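Residue-level structure breakdown
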Amino acid sequence: MILHELLGYDVLRVIWWLLLGVLLVCFAVTDGFDLGAAALLRVTGKTDVERRVVINTIGPIWEGNQVWLILGGGAIFAAWPQLYAISFSGFYMAMFAALVCLILRPVAFKFRSKREGTAWRNGWDWVLCLCGWGPALVFGVAMGNVLMGVPFRLADDMRIYYDGSFFALFSPFAVLCGLVSLLMLLMHGAAWLVFKTEGDVQARATRWGMGAAILTTVLYAVAGVWLAKLSGYTLTEAMSTTGPSNPLLKSAQLGQGAWMANYAKQPLLWIVPALGVCMPLLAALGMKLRREWLGLLSSGLAIAGIVLSVGVSMFPFILPSSVNPQFSLMVWDASSSHLTLFIMLVCALIFLPLILAYTSWVYSIMRGKVDPDEIEQGKGHAY
């Protein structure tokens, strides 16, 4: 037996669908509090010292958190090449805007402390805020468009054509998804600040975090009801789970409320969106009661539930086409080869534990509250 045939092609496809979900959740949870804390910088820190406290909660660790974004992009490129080609070309301007924010953020971290002037530091503080808001909105809007269907088509030779435009991305439902994304990261960033700070910064983070958490639950529930009324995608006939990666070989159609079908078939899956509804409220309670671990853990679980609910609702579709349902990409017809998926899985099993171990060690080293007195005396990090 050839080694890569130890796992069936269909099994490997599902494993990589699950791994992609894990990578996206890890990015949203870890880099999410970076973005959220930066977005709250101007309202949680009223003085220069307080803002330096906020920045020093995320400055030493944000780079490590972005590893998950790189891993997620690499996994899409290698395991789902057509998904990578369509999403990164179709959402090019939106992704470019998000990347500009992610590039400007480290510049703001480094340049802010180079001069003492109030105008200089206030300017970079605004850059950090906008660099927190921008990606949070863009990623949510992108998810909203995925759920509605992306306007792409495939030629007989698998050449991809994108028929959409930048402003068409901002439909009412997509904007709602963007707001859910923004609010959940504001909640998570506030929970992180409550966990890492004390005094006035912690008190302000608590107020903003509780408000963001409650709005997250409300808007996520509204988005769920809206999604149930949207036209989803469904197969019209059974297809091979081990067949070639050719989306044109299947038959699919639109169906009212089709994105809710998986929950009807497997009621246990309701646990996933239930996390997105209940955990923000528990996070708000944890912040109010100063149960710092409870607030941070609950906000992380809320993000995991919200992100994973998109994948659970759509399975086995991963990128539906609004031009023609037949062009939609699925777990069973858009992956790399059997051998490629197996080799990548071996690499993932080797390197993911190393990354997790190193990340855990870094967080252990950087544990504890950020002390404003040390920041004022210049004993903290140079942010």
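Above this note sits the structure.
Residues numbered from 1 in each chain as written. Predicted model: local features only at pLDDT ≥ 70, side-chain atom pairs only at ≥ 80, totals over all residues. Heavy atoms only, no water.

Things to note about the overall build of the protein chain
The secondary structure content of the protein chain amounts to 15 helices and six strands. Its C-alpha radius of gyration of 22 Å places the protein chain within 12% of the 21 Å reference for a compact globule of 383 residues. Along the three orthogonal principal directions, the C-alpha set of the protein chain runs to about 65 × 45 × 40 Å. A total of 383 residues make up the protein chain; the buried ones form 51% of that total. Here the protein chain displays about 17,600 Å² of accessible surface, and carbon together with sulfur accounts for 70% of that area. A gap of 6 Å separates the mean positions of the 25 positive and 21 negative side-chain charges of the protein chain. (Helix = DSSP H or I, 4+ residues; strand = E, 2+ residues; numbered from the N terminus. Rg over C-alpha atoms; globule rule 2.2 N^0.38 Å. Buried < 20%, exposed > 50% of the residue type's maximum accessible area, 1.4 Å probe, protein only. Areas by Shrake-Rupley, 256 points an atom, 1.4 Å probe, with all protein chains shown as cover. Lys, Arg positive; Asp, Glu negative; His and termini not counted. Charge placed at Lys NZ, Arg CZ, Asp CG, Glu CD.)

Focus: the pattern of salt bridges
The final tally for this structure, using the stated rule, is nine salt bridges. R51 is the partner of D125 in a salt bridge, and the nearest nitrogen-oxygen pair spans 3.5 Å. One end of the pair, D125, is in helix α8 (residues 118–148); the other, R51, is in helix α3 (residues 48–58), and 74 residues separate them in sequence. Take D125 and R51: they sit in the same class, and that class is buried. Across the salt bridge formed by R153 and D163, the nearest N and O atoms sit 2.9 Å from each other. Within this pair, whereas R153 is found in strand β1 (residues 152–154), its partner D163 is found in the loop between β2 (160–162) and α9 (172–196), the two being separated by 10 residues in sequence. Since its relative accessible area comes to 33%, R153 is described here as partly exposed. Judged by relative accessible area, D163 falls into the partly exposed class, the value being 41%. Salt bridges linked by common partners bring D48, R51, R112, R121 and D125 together as one network. (Salt bridge = Lys/Arg side-chain N within 4 Å of Asp/Glu carboxyl O.)

Thoughts on unusual backbone geometry
In the segment running from F315 into P316, the intervening peptide bond is cis, with an omega of 5 degrees. If you trace the backbone, P316 turns up in the loop between α13 (292–314) and β5 (317–319). Backbone geometry places M158, a non-glycine residue, at a positive phi of 70 degrees. Overall, M158 belongs to the partly exposed group, its relative accessible area being 23%. The backbone of R290 sits at a positive phi, close to 60 degrees, despite the residue not being glycine. Mapping R290 onto the fold places it in the loop between α12 (271–288) and α13.

Brief notes about the packing of helix α1 (residues 9–39) against α8
Packing of α1 against α8 brings their axes to within 7 Å, and their N-to-C directions diverge by 140 degrees. Between α1 and α8, the interaxial angle falls into the category oblique. Considering how the two elements wind past one another, α1 and α8 form a crossing that is left-handed. Along the contact surface, α1 presents F27, L35, A38 and A39, while α8 presents L128, C129, C131, G132, W133, P135 and F139. Taken together, the residues of the contact of α1 with α8 break down into 10 nonpolar, one polar and no charged. (Axes fitted to C-alpha atoms, helices over the stretch in contact; angles between N-to-C directions. Parallel < 35°, antiparallel > 145°, perpendicular 65-115°, else oblique. Left-handed = near helix turned anticlockwise from the far one by under 90°. Contact = heavy atoms within 4.5 Å. Nonpolar A, V, L, I, M, F, W, Y, C, P; charged D, E, K, R; others polar.)

Here's the deal with the side chain of D333
Mapped onto the fold, D333 is located in the loop between β6 (329–330) and α14 (338–365). In this structure the side chain of D333 is engaged in a polar contact, spanning 2.9 Å, whose partner is the side chain of K250. For D333, the side chain forms a polar contact with the main-chain nitrogen of M330, separated by 2.8 Å. Aside from chain neighbours lying at most four places away, what touches D333 is Q82, M239, P244, S245, N246, P247, K250 and S328. (Polar contact = N/O pair within 3.5 Å; in protein donor to acceptor, adjacent residues only side chain to side chain.)

Some points on the packing of aromatic side chains
Overall, the coordinates contain 22 aromatic pairs when judged by the stated rule. Ring plane angle 70 degrees and centroid distance 5.9 Å describe the contact between W120 and W124, whose orientation is recorded as edge-to-face. Of this pair, W120 and W124 are both found in helix α8, four residues apart, which corresponds to roughly one turn of the helix. A relative accessible area of 26% means that W120 is categorised as partly exposed. Relative to F170, the ring of F166 lies with its centre 5.3 Å away and its plane at 70 degrees, an arrangement referred to as edge-to-face. (Phe/Tyr/Trp six-rings, centres within 6.5 Å; stacked < 30°, edge-to-face > 60°.)

A few points about the nonpolar core
Counting 59 residues, the largest nonpolar core has W16 and W80 as its most contacted members. For this core, the element with the highest residue contribution is α1, accounting for nine residues. Among the nonpolar cores identified, the runner-up in size contains 50 residues, and A38, W62, L186 and L219 belong to it. (Core = buried A, V, L, I, M, F, W, Y, C linked by side-chain atoms within 4.5 Å.)

Notes on the packing of helix α10 (residues 199–229) against α12
Relative placement of two packed helices is described by the angle separating their axes and the distance separating the axes. Packing of α10 against α12 brings their axes to within 9 Å, and their N-to-C directions diverge by 160 degrees. The orientation of α10 with respect to α12, classified from their angle, is roughly antiparallel. Once α10 is placed against α12, the crossing between them reads as left-handed. Only P273, G276, V277, P280, L281, A284, M287 and K288 of α12 make contact with α10, whose side of the interface consists of T206, G209, M210, A213, I214, T216, T217 and Y220.

Overview of the environment of L230
For L230, the location among the structural elements is in the loop between α10 and β3 (231–235). Spatially, the C-alpha atoms of L230 and G255 are 8.5 Å apart, while their sequence positions differ by 25 residues. Ignoring sequence-local partners within four residues, the contact set of L230 consists of M148, F173, G255, Q256, G257 and A258.

Section: α3
With nine of its 11 residues buried, α3 lies for the most part within the structure. Buried residues of α3: E50, R51, R52, V53, V54, I55, N56, T57 and I58, and no others.

Comments concerning the environment of A39
Within the secondary structure, A39 sits in helix α1. Sequence-wise, A39 and C131 are 92 residues apart; in three dimensions their C-alpha atoms are separated by 7.3 Å.

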